[in-house]
Amino acid sequence: MPHYLMIAPFMILFAAFFLYPILSGFYYSFHDWNGVQTPEYIGLGNYEKVLGSRDFSRAMTNLLWYIALTVPLGILAALGLALLVDSFTGRWANFFRNAFFLPVVLPAFLAATIWRWIYAPNFGLLNVVLGWLGMPSVNFLNDTGTMLYALIAVDIWVSAGFNMVIILAGLKNIPSELYEAARLDGANKWQQIVHITLPMLGPVLFFVFTYGLISAMQVFDKPWLLTGSSFASYGGRRNALLFPVMDMMGRAFGGVKFGEAAAYGFLLTVAIVAVTAVMFGLRTWRERR
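On a predicted model such as this, the values are computed, not experimentally measured, just so you know. (Residues numbered from 1 in each chain as written. Predicted model: local features only at pLDDT ≥ 70, side-chain atom pairs only at ≥ 80, totals over all residues. Heavy atoms only, no water.)

Some remarks on the side chain of N62
Now for step 1: Along the chain, N62 falls in helix α3 (residues 54–86).
Now for step 2: Residues contacting N62, with those up to four places away along its chain left out, are L148, N239, A240, L241, L242 and F243. (Helix = DSSP H or I, 4+ residues; strand = E, 2+ residues; numbered from the N terminus. Contact = heavy atoms within 4.5 Å.)

Okay, here's the thing in C-alpha cells:
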C-alpha cells in the first residue's frame, strides 16, 4: 500500500492533465460542440468536414514541403556546426558552442521579432543588403513565393543549435584511434567524415532526424508569430504559411468549433504515430539485415 501512495501524486496528475484530455478530446471529436451548449453527436461528421476542407489540403501541402526542406537542411546545418565546433578546443570551442546554441534558448516571440526586422520590406537587414547589390526590395513575409523559405530559414536558425549539441556529443564518443588509423592509411578529411564520422553517428542522426520530423509536423509558433496571426486571421497571405496545428487552433478558438478541432487533433496524432512507427520499423529492419 505505501508503494501505491508514493506514485499516487504522479498518477493523479497524469490522469488529470494527460489521460482525461485525450479521452475527452476523443469524445468531442464525434460531437458538434461550441464549448458552451450541450454536445450533439454527429458521428464521423467532424472528420469528414476536416478532411474535405480546402484549408486542410492547403495546410498539409505546406507541411509536406516544409518537412521535405527544413528537416534535411536543418540536420546538414547542425552537422556542419558540430564538425566546426569539434575542430576547436578550449575557450574557442566553448564560445562557438554557446554562440550557436543561443537561438535555442531565445523566447519564440523574441526570435520572431528579430527575423521580422530582418525580413522587413524597406529597412530590414536583408533588403538593405539587396539594395547594396542593386536588387529590388522583397517582402519576404508577404510574398507567397518567399514566405515558406523565409520560415525555413528561421526554423533552421532556431533549431540547429539544439541538434548541434546532440551531434557534438556523438562526435565526442567516436574513438580517436579510428581517425589516426585512417590518416595513416592516407585518408583525407572528407574521406574520414564519409567512412568514419557518418557511420558512427548513425544512431545519433536517426534520433535527430526522427525528433526533427515529429517537431516539424507540430510547427505552430514560428509561422504564427512571423505572420502576425490571430484567431480571426491566420496563415499569412493566401494561407502560404498555414499549417495543421494553426488550422486546428483557429477552428477551436476562432471558429468556436471544438469538435472539429478535436477531430483535427486526432488525425494529426495518428499521422505522427504512424510516421514514428515507420521510422522505427525501418531502423529495426535495417539493423537486422
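Notes on the packing of aromatic side chains
Now for step 1: If you walk through the whole model with that rule in mind, you get 26 aromatic pairs.
Now for step 2: For the pair F30 and Y47, a centre-to-centre distance of 5.6 Å together with 45° between the ring planes defines the contact as tilted. Remark: Y47 occurs in helix α2 (residues 45–52) and F30 occurs in the loop between α1 (2–28) and β1 (31–32); sequence separation between them is 17 residues.
Now for step 3: Assessed through its relative accessible area of 19%, F30 is described here as buried.
Now for step 4: Counting every residue linked through ring pairs, the aromatic cluster contains Y27, Y28, W33, F220, W224, F231, Y234, F253 and F258. (Phe/Tyr/Trp six-rings, centres within 6.5 Å; stacked < 30°, edge-to-face > 60°. Buried < 20%, exposed > 50% of the residue type's maximum accessible area, 1.4 Å probe, protein only.)

Description of the packing of α1 against helix α13 (residues 258–288)
Now for step 1: Closest axis-to-axis distance for the α1/α13 pair is 8 Å, and the angle between their directions is 115°. Crossing geometry of α1 relative to α13 is assigned as left-handed. Residues I22, G25, F26 and Y28 of α1 pack against G259, A262 and F266 of α13.
Now for step 2: Of the residues in the contact of α1 with α13, the class split is five nonpolar, two polar and no charged. (Axes fitted to C-alpha atoms, helices over the stretch in contact; angles between N-to-C directions. Left-handed = near helix turned anticlockwise from the far one by under 90°. Nonpolar A, V, L, I, M, F, W, Y, C, P; charged D, E, K, R; others polar.)

Observations regarding helix α12 (residues 244–254)
Now for step 1: Most of α12 sits inside the fold, with eight of its eleven residues counted as buried.
Now for step 2: When α12 is considered as a whole, its buried residues turn out to be P244, V245, M246, D247, M248, G250, R251 and A252.
Now for step 3: Looking at the buried residues of α12, the elements they touch are α2, α3, α10 (202–217), α11 (221–226) and α13.
Now for step 4: A positive backbone phi angle near 50° is found at V256, which sits one or two residues after α12.

Focus: unusual backbone geometry
Now for step 1: Even without a glycine there, the phi angle at R238 is positive, about 55°.
Now for step 2: Within the secondary structure, R238 sits in the loop between α11 and α12.
Now for step 3: The exposure class of R238 is exposed, given its relative accessible area of 64%.
Now for step 4: Of note in this structure, V256 is not a glycine but carries a positive phi near 50°.
Now for step 5: With respect to the helices and strands, the residue V256 is situated in the loop between α12 and α13.

Observations concerning the nonpolar core
Now for step 1: Counting 64 residues, the largest nonpolar core has Y66, I167, L201 and F243 as the members making the most contacts within it.
Now for step 2: At the level of elements, α3, α5 (108–118), α7 (147–172), α8 (176–184), α10, α11, α12 and α13 are the ones that each hand at least two residues to this core.
Now for step 3: Among the elements that make up this core, the one with the highest residue count is α7 (14 residues).
Now for step 4: The residues contacting I167, other than those within four sequence positions of it, are I75, A78, L79, A82, L201, V204, L205 and V208. (Core = buried A, V, L, I, M, F, W, Y, C linked by side-chain atoms within 4.5 Å.)

Section: the packing of α8 against helix α9 (residues 189–200)
Now for step 1: One can describe the packing of α8 onto α9 by two numbers: an axis separation of 10 Å at closest approach and a directional angle of 160°. Overall, the two elements α8 and α9 adopt an arrangement that is roughly antiparallel. Note that α8 runs across α9; the crossing there is right-handed. Between α8, through L178, Y179, A182 and R183, and α9, the contact on the second element is made entirely by Q192, I196, T197 and M200.
Now for step 2: Class assignment of the residues belonging to the contact of α8 with α9 gives a composition of five nonpolar, two polar and one charged. (Parallel < 35°, antiparallel > 145°, perpendicular 65-115°, else oblique.)

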